[in-house]
Structures are given as structure tokens and as C-alpha cells.
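Each chain is listed here by its residues.
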Amino acid sequence: MTGEALIRAVRERVFQPEAQLYIAPVRHHSPACASAVQKMIREIRPAKVLIEAPHDLEHLIPHLLAADTEPPVAAASLLDRKDGPRLAAYYPFCAHSPEWVALREGAKVGAELRFIDLGSDAKIASADQQETGPRPLVREQAFDQGDYVRALCSRLGCQDGYELWDHLFETRIGDQDWRSFLADVGAYCTALRASTPADEIESTGDMERETHMAAGLRDALGSGPVVVVIGGFHTAPLLDPIKTAGKTSAGGKSDAQSYLIRYGYKELDALMGYGAGLPQPAYYEALWNHVQSKEGTPDWQVIARELIQSFSSKMRTAGYGISLPAQVELLRSAETLARLRNRPGALRHDLIDALTSALVKGETSSADAWRERFVVFLRGHALGEVSDMAGQPPIVADARARAKALRFNVSDGLRRERSLDIRRKPAHLAASRFAHAMTLLETDFASRSGGPDFLNAVQTGLLFEHWDYAWSPKVEGQLIEAAVFGDTIPAACLGQLARARAALTENGRSDDLDALLALFKQGLLAGLGQDLDRLLTEVKDALRRSGDFPQTARAITTLHAIEASRGPLSLPEGLEIRSVMQGAFERLIYLCDDLPKIREEALPPCLDALRMLTELLHGPAAGSFETALFDEALDRIAEADPRPELLGAVTAIAVEGGRKPASTLPDMLTGQFSGTALNLPARLGGLRGMLAVAPNLLWTADHVLAVVDEFLAQLDDDAFLAMLPHLRLALSTLSPREADRIAAALVHRHGGSAGDFTAHHYDVTDEDARRGAEIDAALRASIRADGLEDWIFAQNEGAV
Amino acid sequence: MDVTNTQKEPAERRYAEELARLKAEDRAPKPAGWQLSPRAVRRFILGDPALDVSRKFYGDDPLVDRCIVSLMGHQGLMLVGEPGTAKSLLSELLAAAISGNSLLVVQGSAGVIEDHLRYGWNYALLLAEGPSERALVPSPIMNAMQDGKIARIEELTRCAPEVQDAMISLLSEKTIAMPELGAERELRAARGFNVIATANLRDLGVNEMSSALKRRFNFETVSPIADAAFEKELIAKQLKERMEDYDIEAEMPEEVLDVVVSVFRDLRTGRAEDGAVVAQPKSVMSTAEAVNVAHAALLDAGYLSAESPTGAHVARQLGGVVFKDDAEDARKLRAYVDTIARARGRRSRAWASFHKAAKSDD
């Protein structure tokens, strides 16, 4: 049976009262389906309710039903593999999930509740092995791709499969006639399946799952009415469960462990990006709550109005008020769009479109602020609760096991100290990585009391790390929070880093290289190794976009330090950092052309950066980069009429590198000194620039010191005093030893000995000393006579 | 006027048959003053195979929905976006479908004065008779108000701010007072009247729009085409149409056309196909400009070098057609050539010759 005949068969046989079989084809997280399932169970009062969920999650049903469990929650399933990391997958429930509603309603009518899908182990293993991050246990990509969906979209004027679904089915939410609604869902999904290539269905392992579900269904039949809630895609094979199941037996053993965790709408929405149901759960929850609060069909105008009002008031508190006329226009646009598109009321896409019309003034882009705010609003922030009875997720066990293996004492809550010899003992390095990982997860398990601080590059040469640590309930609490990210410490760390990365983006710091590299270093310290690949790619992208010269220079220095590092920061195998540095280098070359235009106050960090780069390129990293490109860029700067400081800096670099004759420097300085800049200190610019990047040139390059000396010598006293503070600032880059060298060179020029300038020595005659003492005594007597001896006393104290 | 020899006919005449068919089949309710129902307007622009109505606007269907809905309300419609993204075409199509008349246009420029938006005078009559209705010369907008039609203003941001200001009260009150004809004489817009403006927010020489004016418009951004394959197809098609007027046989090799499409898309979006980030130039990298470059490259190859077009021809034209005397943009192009084009040149001949020619131009 194919095509139309099959669709007809589904429509006719989805409910088989004679066999007491009632199939509810659904789409995951669809409130319209949930509402139909609710009505169906209330009317049929089944003896059994079967649900398309992995059978090995059945032990979680009591926890799901517990009164103190509140959606959104998720069943997390973990699979250990011999080769490769542990895999984790999630089966989320929210208040408007048909599966959740089926469980709760089924329990109310006293039905036996069963999960009939293949074990989660089989499903995890069949998923794409290359994928990292959370994966859903249920997928329904067919709703959003394929020729059938595209053709229907273009005929009905919908943008994508999501809008199409809303248009066809969510508009019917609350419909009393659940029979024709569910039959239509079944027929629609069967049509989707008919247009999906057979090899695609086979490759996803759907056939095996359907055989297994049919077996579970076959076993359940015969003792009262059976309701089975399944993804609509699987409707047709379950019409004849006995035939489909054959001799397959249901249930069986599973290698996966599973447990229930709190889940959030944010994570739910991300998971739906993988085709696991409808996105933006807060919107669908609003639909669901609306039809729950009033029996029967929804009042779409009320829904739209309430959503817009609640969005507006949220925005007002956040400081983005929406004027009343704009709200009215938003509502009008949404409703008119819905009418134009032949809908009973404004749906999600209509609201988003209307918002674009009414609120966005100016050019929009995909990252428009208002759209983003609205999408975040429609996604929501709900966080579920898991019953206390449900036990602890394995991340806690994982952390304890690792702590024990690394010889941390976690038998009690006592705070202990531990010193780790991180450079010589691999076991100690592993322990350090674990402590860093726990710090990254904000568990308060360990705090570093001493040793190298790699994050801030302070004392990185130290050999020992000192930690205080203690296991506490707070540690466990934090670990459970982190369970959303993964079931093991490294997986959770990766999730935490991804979250921190996202937070940077939300705060408008998505290209903050210092922050990104700090995250990368944290990941290295926590031993995340090759999994940092993604973060490194982000660093790479941010580098290529960077417009900040000093930051980019710092980044390339940091990256180079990481590459050269052999300790805890050493680069794990398989992480390609060279191309990132190359990208940074290319960007720096590009940014060099900005320097001549830079504002004066922004210049000092750029000069620092130039010095850092020169040291790097002519020192440890020589040969790693095409230094000639850098030199060319510097020459371009010199030609672009830059500020005197910058000219001084690039000339100094060129002279130091031997690319320009040493005489260039004194010539340049003479030019600036004898220039006509009215503001005398401005004439020091070139000198300042030179001192900032290569102070040694002052005494190593020919004639430089002479030129400076002559300039200063010809100044009159007033001019010299005006110049003095600037001179001191410029010379502050010199170390005491360097200052001594210059002093020696100057003495050599002028004759005499250095000591003549440093020791101050005045001869006082006895007569002068006596007269001084007399004046002092007279002054004291006079002050005392005025009753001010406290003042003298206090002054003396202060002087001490 | 002899219509057969004009360069371009207005949309309502070009598509008269399609409009007639849509009108005959149109059963849905029409807003007051509209020639077609909103759904028929949508079908006119986005096509309807059942009625043999062609698709005239590509790439963003919800945008068309939003435009239609905006025009049904009190707000005007403001189409913004890069040059070359068919804003004017969309505005013309909307006016032709809704009012059956896309000719009520004010072409914005620095020379436009308030009279062009309201009314002027026939000075001979004014002197002879004094102010009278006969002496009054209505603007296209006034005509649109009178008949309840859609008025169009092209390049609104090119008008001086005080002229833009005249639009504010016009849009909120939908009346024009004519004090010269008597104390209470005014023209109230008939139902169906609305305004479609197009504007460019990025070009040099445009005036900032006041927020009061912005509030009276719903803004819609017409974006460049998102689908690369489709854009390539469109460029190839337009290129072919243009080359019909020339007497040379010139075919754009597939590989070279790919270079054109990629260069424009990469620089426009700031991201290369492989995800690498590209510095975006200020120059307009629209599909229309891509056609210009490809066209010029073809002419260069055909007339000047008498050979089959290569990446080098594209590179040579790129500087002249797009990167017009902006040092900053030249620098961005240099970065693009140095990194992306160089890497691709190792795998593709067209890219290699593009890289070489762009480098030597530098």
C-alpha cells in the first residue's frame, strides 16, 4: 500500500474500537496534540496508555508522576562506550507535551503506563557519532524538510515547516472533535513519510523502532482499551501491530543509565534546534494554558493581546518601553496578517512579522534587537523541579569517582590542603586539572591558595600548586545544576564554557578576545583537550573580526605562549593552534593600517603592542610568521604621516631590525626637536615612541643620545622645567640598570664622574649652624607663647 | 505618448492581463479604495500558477505580506535596504495592484520642495484670476489623496529635512489645507490612500530621517537574495538579457560566474562560504552590481582582449565598477584577495587568475 491509499487507511483506521486500539499520532511539544490527547483519554478511559519513549526510561514514570515534579524536566540517558567518550541524550517533557499530558491523564483514569520505544542505548548509539553536545532521544526532522513540506509551504504561503504546522494544526487547538484532529495529524504525517525517500527512513533506524513499538502494542492489546501516543510519522506501521511486530519481542536489556533532571526552556529550545519538536516553548505554553483555562476553542485575539501586553510590560521593566500606538499597530498588523494568511488568529510567525513591521524603525538585519528580544520572550525562562525521590544524577557520582581516583579525600566535609607537583608528576597534574574543572563549574570544591596563576600569567614558573578543598552538599547542588550540560565533569565543563561564551555575546562582548582566551585557558587547565576545538574556532573567528590592535597583539602573544608552554597550559594533541595564530597575524597586518589614524590617548597601548609583537617576531616566534609582511606594514605606517610617537616607534623598530640605517633615528629626532611645534613637549613625541618600543637604542644606536643631549642642553631653564615632567614620563620605561648606563654615557660625554651627579653635599659653617639653631629656638618660643605647642608636636609626629 | 517605444512601461500596463485575470477571480473582501483584495495583491506579486500570474518579486515572501498589511493600516510603508534590492520595483508592483496606478510618484532629490508634496500653482492663471481651483496644480500625492490611491515617494531621504517634515502632518492627518482658497478649504484623503516611500539609509548624501517621521512609517528592509544558487541563476539570466544588445558572442564560463557570485556574496555578508570572516566594504555589493561587473568583464573580454572571460577580467572590473575611490574599501579588498582568493586560487584556475590580476592592480 503506498501513497493515497495508505493515507486513506490511516485516516480510517487510526481508531479501531473493535480491537480497542486508539492511536494518537502527535508532534512532540505540540499543545494542540496535547489537548486532543487529553480529551481522548478522558473519553476513552483506557486500561493502558503506551507512549513513544525508550522502554528503559520506564523506571522514571513514578518520579514523573510525583506531585513535586514540575515540568520542564528531562530524562537523561547515558551510554558508556568502549571506544570514545560517554554519550548523553535527553528526552524532555514540558507542560504542553502530549506525552506528559498522556502520563498525567492516564494516571488519573488509573491506566497502566508504558514506554514502548527501543531502549535509549540503541537510539543513542544509532545517532551520528560525530555529534558532540546534547542530543534528543526523539527526532522529527521530516516536519521541516523535504519536497512535500516545501510544496505545501509555497502553496499556503508559509515560510517553513514550523509555520506550516501551526497553520494546519495549532489553529485547531481545543477542538472538541479530537477524532478528526488526530486522524488529520496521522494523515499529514503519513504524507510526509510517503515523500521521504525509503533509504532515508531505513538509515535512521525507524523501521527497527517501529517493529519494537508494534511488539509493545501487540502485547498490550486484549485487556481493555489501549491508547498509544506516538510521533505521527510512525502511524501507518502501527495500524497492524501484529503484522508489523512479527516475532519481535518488546522490552529487553539496556546498557544505558537514565535519570531525571531539571530542565529549562532555554535548553529545551536548543534541543529543538535538532528537530526534537516545536521551538520557543513559552509561546506554546501560553497557548496550552489558554485552552486549559477555558474549555473549548481559544479566543485568539485574547492570546495575541495578552502576549503583546506581557511582552510590552517586560520590555518596559527592562528599559525598552513600547509606546501605546506601537502596541496597537503591532496587534493590528498581527491580526491583519493572520487574516491575509487565512488563519483564525495571529500565530507565532504572524506575531514575529507584525513586530518587525511595527517596532523596527530602520534597516533590519537577522540580528535585529527587537526580534531577538521577542524570540527570547517566546522562548521563556521556565525551569522545572524534579521530585526529591528521583535520586542523584550521575554527574555527582562521576565527580566523586574522579575525586577519589585522584586521591582527594571526600569521605567527609572537612577542608583539607594539598600541594601538587604539577610539572613532574602526571598524577598530580591530573588532580590539578580536576580541581580546575571543579572551579570552572563554580562548585566551591577547591580553591587555589598558592602556586602559578596561569590565567593572569603571574608566577607561571612555580613548580607547585597549593589547593584547599572540601566536599559539601553545596558542591553536589552545583553539580546537579551543571547536569544540564552533561553527565560527566568534562562534558559539564564544556557546557559551562559554552554558556559563558553565550553570556559574552549577550553582553555585547562577543569579540572580546581577552575574555575568550581566558575561557580557552580555563578549558586547557581543566584538561578539556581536543574538545576545546569549537572554542578555538570562535577565538579564530573573533580574531578575524577584531578591530582592536592591542587586544589582537595580546592574543597572538598569549597563543604563542600556549603553544610554547609545556606545563598545565600545554596544548593537547589534535588542537590546531597554528592556523589561529596565522589568522591573528593576518589580522594584525590588516589593522596596522589603522594606527596612523588612531587618537592620541589610544596610542600608548598600541605602542606596547608594537613592542610585544616586535619582541615576539624577532625572538621566539621568528620563522613562524611571514615577518616581511609585518615590516611592510610598518613601512606603510611610516609613510602615512603618523603621529610623532608612532613614527618614533616604527623607525626604532626598523633601525633595531637592521632594515634602516642607524642614522635614521637621530635624523628623525633632530627633525622633531628642531621643528616648530609651539608646544615644546610635543617635540618629545619621537623620543617617547622610540623609548616605548626599544629603549636600548638610546645608548646603543649611534648619535641618538648625543642628539637628545644637545637638544636638552640648548633649552633655557623655563623651557627645561616645562619639559621635565614629560621627559621623566618618557624615561620611566627604563630600568634602574638602564638609567645607570645612560648616566655613565652622559658623564662620558661631559667629563667628570657619575658620583658628582648623584650625591648632594652642602658645607655649612659653624656660624650658620648656630644662627639656625637660634632662629629655631626663637620660633618655637613664639609658637608656644601663642598656645600652639600641640601644633608643633603634631607636626613633629607627622614628620616622623 | 507613444507607449510602444518607451523604455519601460508602468507595471499596471505591463501586467494588465494578469491584473484583469486576478480581478475577475477575486472574491475575497477588499479594503475600501482597493482594486484587488489583499490576497490577490499577494498573488500578483508572488505569482499564482493557477491563474498564470508570474512571480515578480523573489526571496522574501513574508516581507510582501507585511507590506500589504502595513498599507491596509494608518501607517505609511517605508522600504529601506541596500541599493539594487528591488525596492522601487516592489513599490511599483504594490501600487499597481492596489490602486491600478503606479504613476503617482514623487521622485525625491535635493531639489524637491514642499510644493511637490502638496500643491503648486499655475502662475499665469494665479496672476490672472487669483487663487482658484483652476490655478492650483496638485502634486501626485494630492491626486492620490483625492482618488484614494497609493502615492509613491522615491528616495525620501534625498529630500531636505524640512521637505520631509511636510510628510509628517500629511501622514497623520491625511489632509491638505488650502488656505489660499478659503479659510476652511482642505482636501481630506479618500479611503484607500496611503504612501509607499523608498529610502536609502547608507549612501552618502542622504538626510537623516526625523524620529517623528519614522514613527509614521512601518519600516521594511528589502534584503539581498539569500540563496546563492538562486542569485547565480538570476545574475546569469540578467547577463544574458543585457548581452542581447551587443554583437559579440560572449558566454560567461560557469567557473568565472562562480567567482563573481562568491566575491559579491562573501564581501556583502562578511562571511565566506567556508565560514571564514571577511571584512565588509562600504561599497554596495548588490546583485545589480554583480551583474554590472560580470557585464563589464564580458565586454572587456570580448571587445578589448578578444578572448574568453577569465577571473582576471572580473578582478579588473571590480575596482572600477564597485570599489570607487575609497581607500578603506581598497584595503578590505586587498585583505580578501590576500587570504581568501589566494587560498582558492590553489584549487581553481578562475580564482588563480582573479588573484593574480587583483594583486597586480594593487
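Just so you know, these numbers come straight off a predicted model, no measurement behind them.

Novice: Quick question: what am I supposed to make of the interface of chain B and chain A here?
Specialist: Frequently, the measure chosen for interface size is the accessible area removed from exposure when the parts meet. Between chain B and chain A, the contact holds 35 residues from the first and 32 residues from the second. Roughly 2700 Å² of surface becomes buried between chain B and chain A when both sides are summed, with 49% attributable to carbon and sulfur atoms. Applying the counting criterion to the chain B and chain A interface returns 3 salt bridges. A salt bridge links R66 of chain B to D353 of chain A, with the nearest nitrogen and oxygen atoms 2.5 Å apart.

Novice: Whenever I open this one, helix α11 (residues 228-243) of chain B confuses me. Can you help?
Specialist: Every α-helical turn comprises 3.6 residues, leaving residues that sit three or four positions apart pointing alike. Residues and elements named next belong to chain B. The end-to-end C-alpha distance of α11, which contains 16 residues, comes to 22 Å, matching closely the 22 Å that a straight helix rising 1.5 Å per residue would cover. Those residues of α11 that sit buried are F230, E231, K232, L234, I235, L239 and M243. The inward-facing, buried residues of α11 contact α12 (254-269) and α13 (287-305).

Novice: Teacher, can you tell me more about the nonpolar core here?
Specialist: The nonpolar side chains of soluble globular proteins are, as a tendency, buried together. In terms of nonpolar packing, the biggest core is built from 149 residues, with I45 and L94 of chain B touching the most fellow members. In this view, I45 of chain B contacts S54, R55, K56, F57, V64, L90, L93 and L94 of chain B; residues no more than four positions away in its chain are not counted. Counting 131 residues, the second-largest nonpolar core is a separate cluster that includes I395, F408, L705 and M723 of chain A.

Novice: Would you explain the packing of aromatic side chains in this entry?
Specialist: Two aromatic rings are characterised by how far apart their centres lie and by the angle between their planes. In total, this model carries 26 aromatic pairs over all chains according to the counting rule given. Ring geometry for F93 of chain A and W100 of chain A: centres 6.2 Å apart, planes at 55 degrees, overall tilted. We note that F93 of chain A, like W100 of chain A, is buried. Aromatic ring contacts, followed pair by pair, group Y148, W165, F169, F181 and Y188 of chain A into a single cluster. Stacked on the ring of Y15 of chain B, the Lys or Arg K56 of chain B has its end atom at 4.7 Å from the ring centre. Between R344 of chain B and the ring centre of W351 of chain B, over which it is positioned, the NZ or CZ distance is 4.8 Å.

Novice: What's the story with a nonpolar patch on the surface in this structure? I'm lost.
Specialist: Residue and element names in this part refer to chain B. On the surface, Y246, Y303 and L304 cluster together to form a nonpolar patch covering roughly 340 Å² of accessible area. Take Y303: it is sitting in helix α13. Overall, Y303 belongs to the partly exposed group, its relative accessible area being 43%.

Novice: Where do I start with empty space enclosed by the protein in this structure?
Specialist: Over the atoms rolls a probe the size of a water molecule, and its path tells where empty space is left. Residue and element names in this part refer to chain A. In total, this model carries 2 cavities of 30 Å³ or more according to the counting rule given. Around the largest cavity, the lining residues are H28, H29, Y91, P92, S97, E99, P136, V138 and A276. When the residues that make up the lining of the largest cavity are grouped by side-chain class, the tally is 5 nonpolar, 3 polar and 1 charged. Considering only enclosed or pocket space, the second largest cavity measures out at about 30 Å³ in volume. Contributing to the lining of the second largest cavity are A32, S35, A36, K39, R172, I173, G174, D175 and F181. With 4 residues, helix α2 (residues 31-44) is the largest single contributor of residues to the lining of the second largest cavity. Among the residues forming the lining of the second largest cavity, the class breakdown is 4 nonpolar, 2 polar and 3 charged.

Novice: Quick question: what am I supposed to make of the side chain of E99 of chain A here?
Specialist: All names here are of chain A. Assignment of secondary structure puts E99 in helix α4 (residues 98-108). Buried charge without a salt bridge: E99, with R209 as the nearest opposite-charge side chain at an N-O distance of 9.2 Å. If we ignore the near neighbours within four places in the chain, the residues touching E99 are V26, H28, I51, Y91 and F93.

Novice: What's the story with the sheet that holds strand β11 (residues 446-450) of chain A in this structure? I'm lost.
Specialist: Paired through their backbone hydrogen bonds, the strands of a sheet run either parallel or antiparallel. Residues and elements named next belong to chain A. Ordered by their spatial adjacency, 3 strands build an open sheet running β10-β12-β11, and the pairing between neighbours is antiparallel. Both outer strands of the open sheet, β10 (416-421) and β11, are each paired with one neighbouring strand and no more. For this sheet, the mean inter-axis angle between neighbouring strands, taken without regard to orientation, is 30 degrees. The pairing of β10 with strand β12 (residues 464-469) spans 6 bridges and is classified as antiparallel. Across the sheet, the residue bridging to S419 is H466, located in β12.

About the thresholds
- Along each chain, residues carry numbers from 1 onward, in the same order as the chain's sequence is written.
- Chain A is the first chain written and ligand 1 is the first ligand written, with later ones labelled in order.
- Thresholds applied to this predicted model are a pLDDT of at least 70 for local features of residues and 80 or more for the giving and counting of side-chain atom pairs; totals over whole chains, interfaces and linings are not thresholded and use all residues.
- For the side-chain quantities, the full set of heavy atoms in the structure was used; hydrogens and water were omitted.
- Contacts were defined at the residue level, with two residues in contact if any of their heavy atoms lie within 4.5 Å.
- Buried area adds together the accessible area that both of two parts lose upon being put together, with accessible area traced by a 1.4 Å probe.
- When a carboxyl oxygen of Asp or Glu is within 4 Å of a side-chain nitrogen of Lys or Arg, the pair counts as a salt bridge.
- For helices the rule is a DSSP run of H or I covering at least 4 residues; for strands it is a run of E covering at least 2, with both sets numbered from the N terminus onward.
- What a helix is expected to span follows from its residue count: subtract one and scale by 1.5 Å.
- Exposure is judged per residue with a 1.4 Å probe applied to protein chains only, and the accessible area is read against the type maximum: over 50% gives exposed, under 20% gives buried, and values in between give partly exposed.
- Put simply, buried Ala, Val, Leu, Ile, Met, Phe, Trp, Tyr and Cys residues joined by side-chain atoms within 4.5 Å make one nonpolar core.
- Only centres within 6.5 Å qualify two rings of Phe, Tyr or Trp (six-membered ring in Trp) as a pair; their planes then separate them into stacked at under 30 degrees, edge-to-face at over 60, and tilted for everything else.
- Criterion for a charge above a ring: Arg CZ or Lys NZ at most 6 Å from the ring centre, at most 35 degrees from the ring normal.
- Two joining distances apply to patches: 9 Å for like charges and 5 Å for nonpolar side chains (Val, Leu, Ile, Met, Phe, Trp, Tyr), and every residue must have over 30% relative accessible area and no salt bridge.
- Methods summary: accessible areas were calculated by the Shrake-Rupley approach with a probe of 1.4 Å, and residue burial reflects only the protein chains presented.
- Only protein atoms enter the 1 Å grid used here, on which a cavity is any set of points holding a 1.4 Å probe that cannot leave and a pocket is any open set flanked by protein within 12 Å on both sides along at least five of seven lines; residues with an atom within 4 Å of a point are listed as lining.
- Grid points are joined across faces, edges and corners, and a volume is the space filled by probe spheres set on the points.
- Here the term charged refers only to Asp, Glu, Lys and Arg, the term nonpolar to Ala, Val, Leu, Ile, Met, Phe, Trp, Tyr, Cys and Pro, and the term polar to all other amino acids, Gly among them.
- For the purpose of counting charges, residues Lys and Arg are taken to be positive, whereas Asp and Glu are taken to be negative. His and the chain ends are not included.
- Should DSSP find at least two bridges between two strands, the strands are regarded as paired.
- Note on geometry: axes are lines fitted to C-alpha atoms, helical ones only across the stretch in contact, with angles between N-to-C directions running from 0 to 180 degrees.

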